[in-house]
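Each chain, letter by letter, is given below.
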2 protein chains.
Amino acid sequence: MSSSLDAIFDPKSIAIVGASREEGKTGNVVMKNIIDAGYSKALFPINPKADEILGVKAYPSLDAVPDPIDLAVIIVPSKFVPSVMEQCAKKNVRGIIIISGGFAEAGKEGEELQRYVIDIAKRSGMRLVGPNCQGVNNPHSNMCASWPLIREKGPIAIISQSGTVGATIECWAKDDGIGISKFVALGNKGDVNELDLIEYFVEDPSSRVISVYLEGVSDGKRFMDIARKSVRKKPILMIKGGRTEAGARAVMSHTRSLAGNDKIFSAAFRQTGVIRVDNLEEFYDASKALSYLQLPKGRRALIVTSSGGSAILATDACESEGIKLPSLDNDLFQQLSQSIPPRCILKNPLDLTGDADSPRYETVLKEAIKNPSYDAFITIFGDPIPGATEMIQNLRKTTEKPIIVVYLGGGDVEKEESMKMHRLGIPVFRTPERAVKALSCLIRYGEFLRQNPF
Amino acid sequence: MSSSLDAIFDPKSIAIVGASREEGKTGNVVMKNIIDAGYSKALFPINPKADEILGVKAYPSLDAVPDPIDLAVIIVPSKFVPSVMEQCAKKNVRGIIIISGGFAEAGKEGEELQRYVIDIAKRSGMRLVGPNCQGVNNPHSNMCASWPLIREKGPIAIISQSGTVGATIECWAKDDGIGISKFVALGNKGDVNELDLIEYFVEDPSSRVISVYLEGVSDGKRFMDIARKSVRKKPILMIKGGRTEAGARAVMSHTRSLAGNDKIFSAAFRQTGVIRVDNLEEFYDASKALSYLQLPKGRRALIVTSSGGSAILATDACESEGIKLPSLDNDLFQQLSQSIPPRCILKNPLDLTGDADSPRYETVLKEAIKNPSYDAFITIFGDPIPGATEMIQNLRKTTEKPIIVVYLGGGDVEKEESMKMHRLGIPVFRTPERAVKALSCLIRYGEFLRQNPF
């Protein structure tokens, strides 16, 4: 069944029903983004009042298109959607994205309209994303049927019951030079829901982590089954809107979802191995970490830093997250005291002091990686440190232990090095606290897999 | 006494003892930054081996400089510092910044050296920042005797026992187009400490908030006295390194400070009205909020949004922070239901839906501002919303209630508008959760002032 989603993510041709010449209109923005993302297969804008839109020949209706249509993106007022759907069925369209609002979220009448539209889809075997959603983006097939325009290919699959929440992660991943694998705004979940997508992305080779913003789960039992199976293959991250009472009331107004009892969700996430996070930045950071870093085999970390203060903030955060910071054993202490300046502080945190350069980091990390006392490394660059990227890249080849990088206070050098690292698949975290939270997600996922062997 | 710090923040002339021609060396970086920051008064590089450094005539020693010297920035190895200090005293230098390390942080010998150096300063009436510090930056007098180079003038005064932690806030404030008023890296606090600086910045017209990273307090009683007095005039923000046991041990290694019992610190902060924050981003966000926003008269907020999901995350965060979200009263409901489209959700959060534009926000906020049910507004822009800046700027002129702006998922429009807002003194927060935390700091400060009238 999930293979039928191919038409949505990798369509052989697209019709944009409600394409518009007017700048700023959704029907214009979406068509422009599909073009600018580099979609190179057949594109059919549908608009009875235009011969051509954004340089592409337009058609008055779907019926008038001479070629087959694989995916229809629908942006016309809701009352016209049923007839558009009938035309889609007639043309054997396989995938539908309804961006238009005015359905279940708009009251009783809209609810009926939605039921009617979904019926047509089911009857005709079309899969449908939406209605009332911010569309779908798949940089790996150069198709951004959404906004803003994000073309950067990366490993993060985003499923979001809020268009903006998903778009925010897309924007950050773009700015960081990381990119995404897929973005789906669920909207009213008329047909395709988070579970269909999780099943699909688990098999998608370009997706390495599945990051989900959800306000409510439609089918609790199926959720448990699918989540349990899926997390064996790929990490699933979840940020849940409506965890408080006031939040749950807001959820009801927003998507008519039942936010449900938060304790039950927490238990369900814990049992299935879904990693829950508490805020948007943690959601993004954990997505980066789970995409790119190996899972630590335990909770013991070594902090290596050029900035004492930042390391102290990291230490406080580790203690809060239950991450242990064992002292250097005698062997490691002896080795290092011979190879780095005596003013360095050979403890945990291991403070290389403010004049530390890449070779000094490398000396220390090379030895520490071999040491059995540590499962992970938090490497803090607290000054402009040229050459940090190459050094980390080389070290990564020598170990299966994750090296978590924090870069801060480094001005322009920091920006350059961070971008270079991201391009090489080395996630960089903006603060010690955020890095520790991300490491904590890695640890929790690794522990779940170890404690629940199939 | 504190006026004697003028030579450190607004020197009439500067000698850089240990200025270097070699790129990348601290003695070169600091001199370059002083020049590039636009310092236009007399500058005297001191280096026995150079005639000229970075285009400026160099002198072999302080004695050789024919003109008076107001501030000496010292970057020579620690063993030479005592004789440099003697020369400073002889030349009636008033302010000293010792960047060099190798003092109390380096063991017993260094401790003695530090005591000796401080003695010279005290005897001669010179004030001294450091030793072992990342220097001082005052964009308002175009003097960046520190790194990285930050020239952006703004309202945030940073006092930091960690160079990197302070530099991080500087970098973020630069990137946001906000800027800082002062930055002092305390280093070993040989003479000038956080209390001297708080007293000085309270009287500094360019500083609107005093943001302090501290690992330990030297004089608890004086801290209580000065903090209590100072917060009446200006907000003081504090992030405390070493709040956990492991963190406290790391503090001892880093700056030999006693991190102290964290519960006692919490109580001291609460009693004196110092606003404590838990992580670096909160530290920065609260600095922005307290610099630019009015204090709310109570804990009741209205969330106005174009993104339902982001508003739900804000709602959850408000409930966690004890911020109340009262429903719309009958009057406001009636007024708004006549002036905005019926698909908008007239609750709290007030959801203007995805196609909201600036005029729709304005209509709602204009009425809501007059309503007695709300003390503050959380305005979330969850899409590209052109014209948002002008709209918020106009509204701010009509009210004393703070409008907290969140902008996310808006791509390039978001970046432009955020920068424009920052330049106009409207702080923008990157996530709903960060905005709510910042609002919470505003509320806590306002409550303290109301509950503790002098």
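Quick note: structure is the one above.
The structure reproduced in this document is the subject of the present report. Just so you know, these numbers come straight off a predicted model, no measurement behind them.

Looking at the interface of chain A and chain B
Here's step 1: Each partner contributes to the interface: chain A provides 57 residues, whereas chain B provides 57 residues.
Here's step 2: When residues of chain A are sorted by the area they lose upon contact with chain B, T164, I312 and D316 of chain A head the list and together hold 13% of the total.
Here's step 3: Inspection of the region where chain A meets chain B yields six salt bridges.
Here's step 4: Among the salt bridges present, the one from D175 of chain A reaches K415 of chain B, with a minimum N-O distance of 2.8 Å.
Here's step 5: For the interface between chain A and chain B, the tally reads 29 residue pairs in polar contact (both at pLDDT 80 or more).

Here we look at the nonpolar core
Looking at soluble globular proteins, one finds that nonpolar side chains tend to be buried together.
Here's step 1: If you look at the biggest cluster of nonpolar residues, it comprises 204 residues, and the most contacted ones within it are I97 of chain A together with I97 of chain B.
Here's step 2: In contact with I97 of chain B, other than residues within four places in its own chain, are I8, L71, A72, V73, I74, V129, C133, G135, V136 and A145 of chain B.

A look at the environment of Q87 of chain B
Residues and elements named next belong to chain B.
Here's step 1: By secondary structure assignment, the location of Q87 is in helix α3 (residues 81–90).
Here's step 2: Put simply, Q87 and A317 are 230 residues apart on the chain and 57 Å apart in space, counted from C-alpha to C-alpha.
Here's step 3: Setting aside chain neighbours within four positions, we find Q87 in contact with S61, L62 and D63.

Side note on the environment of T389 of chain B
Residue and element names in this part refer to chain B.
Here's step 1: For T389, the location among the structural elements is in helix α14 (residues 388–396).
Here's step 2: Between the alpha carbons of T389 and M419 there is a distance of 9.5 Å; along the sequence they are 30 residues apart.
Here's step 3: Not counting residues within four places of it along the chain, the set of residues in contact with T389 comprises E417, K420, M421, L424 and I426.

Observations concerning the sheet that holds strand β20 (residues 428–429) of chain B
Residue and element names in this part refer to chain B.
Here's step 1: Read from one edge of the open sheet, six strands run β16-β17-β15-β18-β19-β20, paired in mixed fashion. Both outer strands of the open sheet, β16 (345–346) and β20, are each paired with one neighbouring strand and no more.
Here's step 2: Relative to strand β17 (residues 350–351), strand β15 (residues 301–305) runs parallel, the two sharing two bridges. Each bridged residue has a counterpart across the sheet, and for V304 the counterpart in β17 is L350.
Here's step 3: Relative to β15, helix α11 (residues 308–321) is tilted by about 160 degrees, and along the sheet it contacts β15, β17 and β18 (376–381).

Re the sheet that holds strand β2 (residues 42–46) of chain A
Residue and element names in this part refer to chain A.
Here's step 1: One open sheet accounts for five strands, arranged β2-β1-β5-β6-β7; its pairing is parallel. In this open sheet, the two edge strands, each paired with only one partner strand, are β2 and β7 (127–129). Going across the sheet, the axis of each strand differs from the next one's by a mean of 15 degrees, ignoring polarity.
Here's step 2: Bridging between strand β5 (residues 71–74) and strand β6 (residues 95–98) involves four bridges; their strand directions are parallel. In the sheet register, I74 faces β6, and the bridge partner there is I98.

Details of the packing of aromatic side chains
Here's step 1: Applying the stated criterion to the full structure yields 20 aromatic pairs over all chains.
Here's step 2: When the ring of F265 of chain B is compared with that of F269 of chain B, the centres are 5.8 Å apart and the planes differ by 40 degrees; the resulting orientation is tilted. One end of the pair is F265 of chain B and the other is F269 of chain B, both in helix α9 (residues 262–272) and four residues apart, which spans about a single turn.
Here's step 3: Relative accessible area serves as the criterion here: at 2%, F269 of chain B is assigned to the buried category.
Here's step 4: The ring of Y59 of chain A has K57 of chain A sitting right over it, with the charged end atom 4.8 Å from the ring centre.
Here's step 5: Note that K288 of chain A overlies the ring of F429 of chain A, its terminal NZ or CZ placed 5.1 Å from the centroid.

Thresholds applied
Residues numbered from 1 in each chain as written. Chains lettered and ligands numbered in written order. Predicted model: local features only at pLDDT ≥ 70, side-chain atom pairs only at ≥ 80, totals over all residues. Heavy atoms only, no water. Contact = heavy atoms within 4.5 Å. Buried area = accessible area lost by both parts, 1.4 Å probe. Salt bridge = Lys/Arg side-chain N within 4 Å of Asp/Glu carboxyl O. Polar contact = N/O pair within 3.5 Å; in protein donor to acceptor, adjacent residues only side chain to side chain. Core = buried A, V, L, I, M, F, W, Y, C linked by side-chain atoms within 4.5 Å. Buried < 20%, exposed > 50% of the residue type's maximum accessible area, 1.4 Å probe, protein only. Helix = DSSP H or I, 4+ residues; strand = E, 2+ residues; numbered from the N terminus. Pairing = 2+ DSSP bridges. Axes fitted to C-alpha atoms, helices over the stretch in contact; angles between N-to-C directions. Phe/Tyr/Trp six-rings, centres within 6.5 Å; stacked < 30°, edge-to-face > 60°. Lys NZ or Arg CZ within 6 Å of the ring centre and 35° of its normal.

In short, shape yes, function no, at least from these values alone.
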